[in-house]
Amino acid sequence: MQSVLHAAAMIPASIPSPSWSGFDIPLPWGSLRIHAYALCILAGIVAGLWLTSVRWARRGAPEGSVWDIAIWAIPFGIIGGRLYHVFSSPDAYFGPGFDGTGDLSLIPQIQRGGLGIWGAVVLGAVGAWIGCRRAGVKLSAFMDAAAPGLLLAQAIGRWGNYFNQELFGGPTTLPWGLQIDPNNPNFPPGMPTDTLFHPTFLYESLWNLAGVLILLALDRKFSFRRGRLFCVYAMYYTLGRVWIEAMRIDDAEQITLFGLTTRLNVWTSIIVFAGALLAFILLGLRKRSEPDTPFLPGRAPAETKPAGAQPVETTPAEEKTAEAKAGSKPDADATDADSADRATGADSAAHADRATVPADAATIRHSDAAVSDSESRANLRNNQSGPVRASEDADRDPTGGIAPANGAPAAGVSGRQGTGTAPEAEGTK
């Protein structure tokens, strides 16, 4: 029991202020400062992209498309987040009341902190839309897949406020109160140096981590699509942002609506929550007019044929041969049918004299082979303009076939066989 009490006494009664905010990389012309705030943002982006890529792949999206979208969404989101922060907290940049006493050179200095989530979401969505159009996928499908990852990125990125000692809440006596260095420019003037403050960065980080689990569970159970899961993300985040934002004491633009004056981000969260709730209801009422797919219409990949399934091309001679086989007698011998088919192909070819073709010829002219200039068109049997030798008429049998010559098998144009047994030719085995 004493050991437990001793361990409890060793637990700090507050969250200490950070003693480290980055490091320097020496360069030939000086040094490069790497801020902890930037590292937290980068770690959040990497974690969010990882979770998004896993969910995106499970929805059948093209491999690697999440990175094609991210290269547009991330820069747009950072710019949008910075612009929202500048205009929601303008005193440092434009002076109180926009009197021109501010420092405009502070605007691009993101390492000092200051990224507004709503500007990041709005302009990041514009970049994501560009990436989705180029990748041939739906923005709504990508936003649903990215919603839990976006919350995860925000949960990690919020720790940058801790290292910058900024955006904390009012004074508190809770054991998890946050210490702020009295020499820090963000320390409220006039307060005792040992004052503890609400760690709003920690509240929001834990709120977002819980939201990641909630979104994943809801998506697993209900399979929200067409942007509805992103609407759930917006409602959940703004619900927590209202009470967390109300605890902060840093300078912010104050807006009066309905007789109530509060921070701009509080009103923004309320408006976004109402809009997300309305969009969620309307999307749920709309019937699906198309199948659930992440692809834009006409951009889905074509169905692939099984390996080895190639189209079969046939020549005119092969087509005639197939027809001849189909018209042969059912009880004909397979060997005789093959001989008759070959004879049919030879009969439709351009030969000088059909009766004098040697039986042991190594090759048989195809029916669609070109006729050489040395061959007389008059000798073609199907040429109606040329004379027909009497020997060919004599060789024909009454059924339209060719009479056997020197023991050769009889075969007609239609592929009918003679009654005799055809000897095998050496070239037709």
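This text follows the structure it describes.
Keep in mind that this is a model prediction, so the values were computed, not measured.

Remarks on the sheet that holds strand β4 (residues 177-179)
Part 1 of the argument: Ordered by their spatial adjacency, 3 strands build an open sheet running β1-β4-β5, and the pairing between neighbours is mixed. Taken across any chain shown, the strands that pair with only one partner, and hence form the sheet edges, are β1 (14-15) and β5 (196-197).
Part 2 of the argument: Two strands pair when backbone bridges link them, and β1 and β4 are joined in this way by 2 bridges, in the parallel orientation. Counterpart to Ile-15 in the pairing with β4 is Leu-178.

Some thoughts on helix α10 (residues 264-285)
In an α-helix, one turn spans 3.6 residues, which is why side chains three or four residues apart end up on the same side.
Part 1 of the argument: With 22 residues, α10 should cover 32 Å at 1.5 Å per step; its first-to-last C-alpha distance of 32 Å lies within 8% of that length.
Part 2 of the argument: For α10, the full list of buried residues reads Asn-265, Val-266, Trp-267, Thr-268, Ser-269, Ala-276, Phe-280 and Leu-283.
Part 3 of the argument: Against the buried residues of α10 lie α3 (65-88), α5 (117-135), α9 (228-246), β6 (254-257) and β7 (260-263).

As for unusual backbone geometry
Part 1 of the argument: Unlike most non-glycine residues, Leu-167 shows phi in positive territory, near 55 degrees.
Part 2 of the argument: Relative to the assigned elements, Leu-167 resides in the loop between α7 (159-164) and β4.
Part 3 of the argument: You can call Leu-167 partly exposed: its relative accessible area is 22%.
Part 4 of the argument: Despite not being glycine, Phe-258 shows a phi value in the positive range, around 55 degrees.
Part 5 of the argument: As for its position among the elements, Phe-258 is in the loop between β6 and β7.
Part 6 of the argument: Residue classification places Phe-258 among the exposed residues on the basis of a relative accessible area of 83%.

Some remarks on the nonpolar core
Part 1 of the argument: In terms of nonpolar packing, the biggest core is built from 24 residues, with Leu-151, Leu-215 and Tyr-233 touching the most fellow members.
Part 2 of the argument: Looking at this core, the elements with two or more residues in it are α2 (36-58), α5, α6 (139-157), α8 (200-222), α9 and α10.
Part 3 of the argument: Take this core: its biggest share by element is 9 residues, from α9.
Part 4 of the argument: If we ignore the near neighbours within four places in the chain, the residues touching Tyr-233 are Ile-117, Val-121, Ala-147, Leu-150, Leu-151, Gln-154 and Leu-215.
Part 5 of the argument: Val-66, Cys-132, Val-137 and Phe-295 belong to the second largest nonpolar core, which has 13 residues in total.

Considering α9
Part 1 of the argument: With 19 residues, α9 should reach 27 Å at 1.5 Å per residue; the first-to-last C-alpha distance of 27 Å fits that figure.
Part 2 of the argument: Along α9, 15 of the 19 residues are buried, which leaves the element largely enclosed by surrounding structure.

Considerations on the environment of Leu-106
Part 1 of the argument: As for its position among the elements, Leu-106 is in the loop between α4 (91-94) and α5.
Part 2 of the argument: Once the C-alpha coordinates of Leu-106 and Ala-92 are considered, the two residues, 14 residues apart in sequence, prove to be 8.0 Å apart.
Part 3 of the argument: Setting aside its immediate chain neighbours within four residues, Leu-106 contacts Arg-82, Ala-92, Tyr-93 and Arg-112.

Scoring rules and cut-offs
- Residues numbered from 1 in each chain as written.
- Predicted model: local features only at pLDDT ≥ 70, side-chain atom pairs only at ≥ 80, totals over all residues.
- Heavy atoms only, no water.
- Pairing = 2+ DSSP bridges.
- Helix = DSSP H or I, 4+ residues; strand = E, 2+ residues; numbered from the N terminus.
- Expected span 1.5 Å × (residues − 1).
- Buried < 20%, exposed > 50% of the residue type's maximum accessible area, 1.4 Å probe, protein only.
- Contact = heavy atoms within 4.5 Å.
- Core = buried A, V, L, I, M, F, W, Y, C linked by side-chain atoms within 4.5 Å.

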